[in-house]
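# Observations on the model geometry
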Amino acid sequence: MVCSYLLNKCCCRMIGGRQTLTPPTFNDGQQLVHYVNHVREQMISYTNLLVESKQKRMAFIQTFLARLPGHMLEFDGTHFVKMSLLFSTCGFHYVVHVSLARTFPREQPIMTFESAYHLNRRSQLFQMTCNNYPYNPRWTASELTDHIKLLIIEKAKLFKEKSLQQGII
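What counts and how
Residues numbered from 1 in each chain as written. Predicted model: local features only at pLDDT ≥ 70, side-chain atom pairs only at ≥ 80, totals over all residues. Heavy atoms only, no water. Bend = angle between axes of the 7 residues up to and from the residue. Helix = DSSP H or I, 4+ residues; strand = E, 2+ residues; numbered from the N terminus. Buried < 20%, exposed > 50% of the residue type's maximum accessible area, 1.4 Å probe, protein only. Contact = heavy atoms within 4.5 Å. Axes fitted to C-alpha atoms, helices over the stretch in contact; angles between N-to-C directions. Parallel < 35°, antiparallel > 145°, perpendicular 65-115°, else oblique. Left-handed = near helix turned anticlockwise from the far one by under 90°.

Remark: the principal bend of helix α3 (residues 141-166), roughly 35 degrees, maps to Ala 156. Among the residues making up α3, those that are buried are Leu 144, Thr 145, Ile 148, Leu 151, Ile 152, Ala 156, Phe 159 and Ser 163. On its buried face, α3 is in contact with α2 (32-67), β2 (82-89), β3 (92-99), β4 (110-119) and β5 (125-130).

Take the packing of α2 against α3 next. Interhelical geometry of α2 versus α3 gives an angle of 60 degrees and a closest axis separation of 9 Å. Classed by the angle they form, the pair α2 and α3 counts as oblique. For the pair α2 and α3, the crossing hand works out as right-handed. Across the interface between the two elements, Ala 59, Phe 60, Thr 63, Phe 64 and Arg 67 from α2 touch Ala 141, Ser 142, Leu 144, Thr 145, Asp 146 and Ile 148 from α3.

The subject of this paragraph is unusual backbone geometry. Residue Phe 104 is joined to Pro 105 through a cis peptide bond whose omega torsion reads 10 degrees. Relative to the assigned elements, Pro 105 resides in the loop between β3 and β4. Positive phi outside glycine occurs at Phe 80, with the angle close to 55 degrees. Summarising the element assignment, Phe 80 is placed in the loop between β1 (72-75) and β2.

Structure representation (structure tokens):
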């Protein structure tokens, strides 16, 4: 039997939408009380994951603020899912948006480099996304901050070149 959750809007927003959680299959002959307990355990486990994730996102952003205070432009102080940083390399200024998944640190941060000077063909700021880099979800907030800082420095030259080649001033 295929099952689905009927959740109110608040719960749906909290877990990230109806598609985020897949209910277990209800088998013929299975007692309803065992199935309900299994669903309950799944919901508690996922809720604990979200609470822990928010605490880790908050710690990561706080570590970034403490270790790189002059680079922070803005951050989401409610859900801690995004921060924007300003960097400059050889006179080339760019913004790096760091997006954190609701299940961070299980999923690695996505970094989007954005030019302060160049547009793409759709008249939007030229961007380069970086989401395939060495990452370990067991790194501490300090270790992750150091790795991301090094990655930003490493990718800055490539981003500058791409902006100059592909971007429109």
